[in-house]
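So you can see what is in the structure, the chains are spelled out below.
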Amino acid sequence: ENVFLSGMTLGLSRAEVRERLGDIRAFADLGDAFEQPVRTYSTGMLARLGFSVAFQISPDVLLIDEVLGVGDESFRGKSAKALREKISQGRTAVIVAHSPAAILEMCDRAVLVDQGVSVFVGGTRECIKRYRQLLNRVAQGS
C-alpha cells in the first residue's frame, strides 16, 4: 500500500503503479520485507523503497538528497547506475552529497554551500578542494 501511496504522490496513477510494481519490488530488493508494514523498516530499507518508487517516474529534474550513501554496497551501485542512466537520457540531477567520490562520479558542476550561502559554483574538483579547505578551517576553529 505504501508503494501505491508514494507513487500516486509522485504523480502516477494507481494503474501505473500496479504496472510498475514488479520493477519497484525488484529494484528495492527487500525480499519478503516488501510486504511488511513500513513502520518495521530500517532507514536503509525506507530509502531503498523510496528510491525504487521515485525512479519509476521521469521528471525533467531529479532532486537527490544523500540517497547514494544509503543501503549496502550493492544497492548503492545499483542506485548510482540508475541515476547515471537518467542523466544520460537528458535529465538534470541536483545531488546533495558530502561524499567527494559521489560528486566526482555523478556531477560535472558543483555548488559549495556554507551555512546556507553559496560560496562557490564551478567544476567539481575545485569545489571539492574548497570543501576540504572549509572543513580544515572549521576543524581548526577559525
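The structure we're discussing is the one just above.
Calculation rules
- Residues numbered from 1 in each chain as written.
- Predicted model: local features only at pLDDT ≥ 70, side-chain atom pairs only at ≥ 80, totals over all residues.
- Heavy atoms only, no water.
- Helix = DSSP H or I, 4+ residues; strand = E, 2+ residues; numbered from the N terminus.
- Contact = heavy atoms within 4.5 Å.
- Lys, Arg positive; Asp, Glu negative; His and termini not counted.
- Charge placed at Lys NZ, Arg CZ, Asp CG, Glu CD.
- Bend = angle between axes of the 7 residues up to and from the residue.
- Buried < 20%, exposed > 50% of the residue type's maximum accessible area, 1.4 Å probe, protein only.
- Axes fitted to C-alpha atoms, helices over the stretch in contact; angles between N-to-C directions.
- Parallel < 35°, antiparallel > 145°, perpendicular 65-115°, else oblique.
- Left-handed = near helix turned anticlockwise from the far one by under 90°.
- Nonpolar A, V, L, I, M, F, W, Y, C, P; charged D, E, K, R; others polar.
- Phe/Tyr/Trp six-rings, centres within 6.5 Å; stacked < 30°, edge-to-face > 60°.

S.K.: Would you mind showing me how to read the overall build of the protein chain here?
M.R.: Scanning the protein chain from N- to C-terminus turns up six helices and four strands. Mapped from its N terminus to its C terminus, the protein chain presents α and β elements in the order α-α-α-β-α-β-α-β-β-α. For the protein chain, the spread of C-alpha atoms along the principal axes amounts to about 55 × 35 × 25 Å. The contacts in the protein chain between residues at least 6 apart in sequence include a share of 44% that link residues at least 24 apart. Across the protein chain, the 18 positively charged side chains and the 17 negatively charged ones have centroids separated by 4 Å.

S.K.: Mind showing me how you'd approach helix H2 (residues 14-28) here?
M.R.: At 3.6 residues per turn, the α-helix brings residues three or four places apart onto the same side. If you look at H2, its biggest bend is around 55°, right at arginine 20. Every buried residue belonging to H2 is among Val17, Ile24, Phe27 and Ala28, and all of these are buried. Residues of H2 that are buried make contact with helix H1 (2-9), helix H3 (43-54) and helix H4 (73-88).

S.K.: I'm lost on the packing of H3 against H4 in this one. Help?
M.R.: Relative orientation of the contacting elements H3 and H4 amounts to 20°, with a least axis distance of 12 Å. Comparing the axis directions of H3 and H4 gives the class roughly parallel. Two packed elements cross with a definite hand, and for H3 against H4 that hand is left-handed. In this structure, H3 contributes Arg48, Phe51 and Ser52 to the contact, and H4 contributes Phe75, Ser79 and Ala82. Of the residues belonging to the contact of H3 with H4, the class tally is three nonpolar, two polar and one charged.

S.K.: Explain the side chain of glutamine 56 here, please?
M.R.: Looking at where glutamine 56 falls in the secondary structure, it is placed in the loop between H3 and strand S1 (61-65). Sequence-distant contacts of glutamine 56, that is, excluding residues within four places in its chain, are made with Leu12, Arg20, Asp23 and Ile24.

S.K.: Which parts of the structure should I look at to understand the packing of H2 against H3?
M.R.: When two helices pack together, their arrangement is given by the angle between their axes and by how far apart the axes lie. Running from N to C, H2 and H3 cross one another at 140°; their axes reach a closest spacing of 8 Å. Taken together, the axes of H2 and H3 are oblique relative to one another. For the element pair H2 and H3, the recorded crossing hand is right-handed. Together, Ile24, Phe27 and Ala28 of H2 and Arg48, Leu49, Phe51, Ser52 and Val53 of H3 make up the contact between the two elements. For the contact of H2 with H3, the residue count by class is six nonpolar, one polar and one charged.

S.K.: Is there a simple way to explain the packing of aromatic side chains in this structure?
M.R.: Working definition: an aromatic ring pair is given by the centre-to-centre distance plus the angle between the planes. Going through the model one piece at a time under the given rule, you end up with four aromatic pairs. Consider the rings of phenylalanine 27 and phenylalanine 51, whose centres lie 5.7 Å apart with planes at 20°: the pair is stacked. One end of the pair, phenylalanine 27, is in helix H2; the other, phenylalanine 51, is in helix H3, with 24 residues separating them in the sequence. The pair phenylalanine 27 / phenylalanine 51 is uniform in exposure class, with both members buried. With centroids separated by 6.0 Å and ring planes inclined at 80°, the aromatic side chains of phenylalanine 51 and phenylalanine 75 adopt a geometry described as edge-to-face. In this pair, phenylalanine 51 sits in helix H3 while phenylalanine 75 sits in helix H4, placing the two residues 24 residues apart along the sequence. Accessibility expressed as a relative area gives 2% for phenylalanine 75, which makes it buried. Chaining the aromatic ring pairs together yields one cluster made of Phe27, Phe51, Phe55 and Phe75.

Bear in mind that shape data such as this cannot, by itself, settle questions of function.
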